[in-house]
Amino acid sequence: MTGRLYGVGLGPGDPELVTVKTARLIGEADVIAYHAARHGRSIARSIALPYMREGQIEELLLYPLTTETTDHPGGYQGALDDFYADCAERLAAHLDAGRTVVVLSEGDPLFYGSYMHMHKRLAHRYPTEVVPGVTSVSAASAVLGRPLVERDEVLTVLPGTLPAEALAERLRGTDSAAVLKLGRTFEKVRDALAEAGRLDDAWYVERATMGAERVAPLKDVDPDGVPYFSLALLASPAERTFVAEPPATEGRGEVAVVGLGPAGRPWLTPEAQEALAAATDLVGYGPYVDRVAPNPRQRRHRTDNRVEAERARHALELARGGARVAVVSSGDPGVFAMASAVLEEAAAGFPDVPVRIVPGLTAAQAVASRAGAPLGHDYCVLSLSDLLKPWEVVADRLAAAARADLVLALYNPASRSRTWQLGAARDVLLEHRDPGTPVVIGRDVGGAEESVTVTTLGELDTSQVDMRCLLIVGSSTTKVTDRGVVYTPRRYS
């Protein structure tokens, strides 16, 4: 079994910009290889050091020359070719022995990196993987806080070793550019930028993200002492077009009445998530506001359950002042919830405030889905609360829906202060429905205390029902299977 070769990018210099995968591979490697000039100091090793461990084999790949002359028969390139061939064979000896070899590369391994010379000589002989890294170009852009390119602009990456004429020609014909390998080429690159008419826009970035980082307009840089690890950057032309401060928010607010669904985030629609994320203010009944994850950017206005009109007016007043307000409701805001309250108050005194309704999954739909498909045919949605309408109206509507043989979804069936209404509703329904009519009781559906009970109208125990419940009363065609699944056929006979 041979070993595996990894070429890993270390990023521009800050060890915290090493990717998670590269850090893991460095820690797991048998052999760590890295290039260095003849002084033996390796920037790559210093970046990787926090992720290395004791006992690893280190292969220092020491360049025989950098910019010096040589008496090698093949000249400068011949000397480097022999060096790379020797390095490759040194690494091959480890790979043949079954060791994992990680070759460190500043920036990205295949972006002007020394690793590529090992890759070309070894990747066809051994299992190999290249792990990309943050390039110096990306780091320089980030350090400057200026975009490289946007939309359909063109970015050109150039080595400073090109002839001056070629540099100037390419710099004239591009939107953005990065010129690498400055060092001794700095003055030539500066002259090429001037020739192309781009010198005033050029930035100089030295050792981006490292401790000795330096940023300056390139035209102001002294050529003496410019290191190899520096580059010239022409940022996106659009970076000069800064967006003006936004106008005052007076009159730019809105109210979004948002349905949270019956329980947690899985029941929340993408549209509702977007409305909540965009809001500056959340308004609603306390427990519903608490269901939205806290965000310190947002103000939260928790109110009691019995002040719907005041809550709606407060939301509209905030929006008139420029706030983006999300009024939150459980389930769907248009089903016995805040949508009608907000629209009523808006019509009465806030015609200038935009209001939109963001639907949510209703409690009736949630309970029905847990039981099967009891709402498979025509059905009626009715609230048993008599706080906002007389009980006589509730009873008349119950009787009408029962006579019409509609499935009923009963909201607000009971509370601590309303204990007799459900029993009275059952009696009204039994005047028109068989006692064996299926009844589904859904409690806290989607929540931690979820329960779904299937019973009959005649055996309904009203003491087991509270405000967290919703009831579905079947029609004459509603069925219950042997496995307890409830459904109402679509075909009516």
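Coordinates for the structure precede this section.
Residues numbered from 1 in each chain as written. Predicted model: local features only at pLDDT ≥ 70, side-chain atom pairs only at ≥ 80, totals over all residues. Heavy atoms only, no water.

1. Comments concerning the overall build of the protein chain
So, point 1. A count of helical and extended segments in the protein chain gives 14 helices and 23 strands.
So, point 2. Its C-alpha atoms give the protein chain a radius of gyration of 36 Å, clearly above 23 Å, the size a compact globule of 493 residues would have.
So, point 3. With respect to the principal axes defined by its C-alpha atoms, the protein chain has extents near 110 × 60 × 40 Å.
So, point 4. Of all 493 residues assigned to the protein chain, the portion counted as buried reaches 44%.
So, point 5. For the protein chain, the share of sequence-separated contacts (at least 6 apart) that also reach a separation of at least 24 residues comes to 69%.
So, point 6. As displayed, the protein chain has an accessible area near 24700 Å², and 51% of this comes from carbon and sulfur atoms.
So, point 7. Between the averaged position of the 52 positive side-chain charges in the protein chain and that of its 64 negative side-chain charges there is a distance of 2 Å. (Helix = DSSP H or I, 4+ residues; strand = E, 2+ residues; numbered from the N terminus. Rg over C-alpha atoms; globule rule 2.2 N^0.38 Å. Buried < 20%, exposed > 50% of the residue type's maximum accessible area, 1.4 Å probe, protein only. Contact = heavy atoms within 4.5 Å. Areas by Shrake-Rupley, 256 points an atom, 1.4 Å probe, with all protein chains shown as cover. Lys, Arg positive; Asp, Glu negative; His and termini not counted. Charge placed at Lys NZ, Arg CZ, Asp CG, Glu CD.)

2. Some points on the sheet that holds strand β14 (residues 324-329)
So, point 1. Spatially, the five strands line up as an open sheet ordered β13-β12-β14-β11-β15, and their pairing is parallel. The open sheet has two free edges, formed respectively by β13 (299-303) and β15 (355-358), since each of these has just one partner strand. The average undirected angle you get between the axes of adjacent strands in this sheet is 20°.
So, point 2. In the sheet, strand β11 (residues 254-259) pairs with β14 via six bridges, with the strands oriented parallel. Across the sheet, the residue bridging to E254 is R324, located in β14.
So, point 3. Relative to strand β12 (residues 281-285), helix α10 (residues 308-320) is tilted by about 175°, and along the sheet it contacts β11, β12, β13, β14 and β15.
So, point 4. Helix-sheet contacts for helix α11 (residues 338-349) involve β11, β14 and β15, and the interaxial angle to β15 is about 175°. (Pairing = 2+ DSSP bridges. Axes fitted to C-alpha atoms, helices over the stretch in contact; angles between N-to-C directions.)

3. Some details on the environment of F186
So, point 1. Mapping F186 onto the fold places it in helix α7 (residues 186-195).
So, point 2. Exposure remark for F186: the relative accessible area of 1% places this residue in the buried category.
So, point 3. Sequence separation of F186 and G160 is 26 residues, and the distance between their C-alpha atoms is 7.5 Å.
So, point 4. Not counting the four nearest positions on each side in its chain, F186 is found in contact with Y204, L218, V221, P223 and V226.

4. Side note on the sheet that holds strand β5 (residues 128-131)
So, point 1. Read across the open sheet, the five strands follow the order β3-β2-β4-β1-β5; overall the sheet is parallel. Among the strands making up the open sheet, the edge pair consists of β3 (57-62) and β5. The sheet shows a mean angle of 20° between the axes of neighbouring strands, taken without regard to direction.
So, point 2. Strand direction decides the pairing type here: strand β1 (residues 5-9) and strand β4 (residues 101-105), joined by five bridges, are parallel. By the bridge assignment for β4, V8 is matched with L104.
So, point 3. Its contacts with the sheet put helix α4 (residues 115-122) on β1, β2 (31-36), β4 and β5, and the angle it makes with β5 is roughly 160°.

5. Concerning the nonpolar core
So, point 1. By size, the foremost hydrophobic cluster in this structure holds 24 residues, and its most contacted members are L384, L398, L410 and L471.
So, point 2. In contact with L410, other than residues within four places in its own chain, are L382, L384, L398, L470, L471 and V473. (Core = buried A, V, L, I, M, F, W, Y, C linked by side-chain atoms within 4.5 Å.)

6. With respect to unusual backbone geometry
So, point 1. One non-glycine residue, N412, adopts positive backbone phi at about 50°.
So, point 2. Residue class for N412 comes out partly exposed when judged on its relative accessible area of 21%.
So, point 3. One non-glycine residue, D444, lies in the positive phi region at around 50°.

7. Thoughts on a nonpolar patch on the surface
So, point 1. Together, F336, Y379 and V381 make up a nonpolar patch on the protein surface, roughly 260 Å² of accessible area in all.
So, point 2. For F336, the location among the structural elements is in the loop between β14 and α11. (Patch = residues over 30% accessible without salt bridge, like charges linked within 9 Å, V, L, I, M, F, W, Y side chains within 5 Å. Salt bridge = Lys/Arg side-chain N within 4 Å of Asp/Glu carboxyl O.)

8. What about helix α8 (residues 270-278)?
So, point 1. Taken residue by residue, α8 has A272, A275 and L276 as its buried positions. Across the axial projection of α8, the buried residues extend over an arc of 100°, all falling on one side. The exposed set on the far side of α8, more than 90 degrees from its buried face, consists of P270 and E274.
So, point 2. Where α8 is buried, its residues touch β11, β12, β14 and β15. (Arc of directions from axis to C-beta.)

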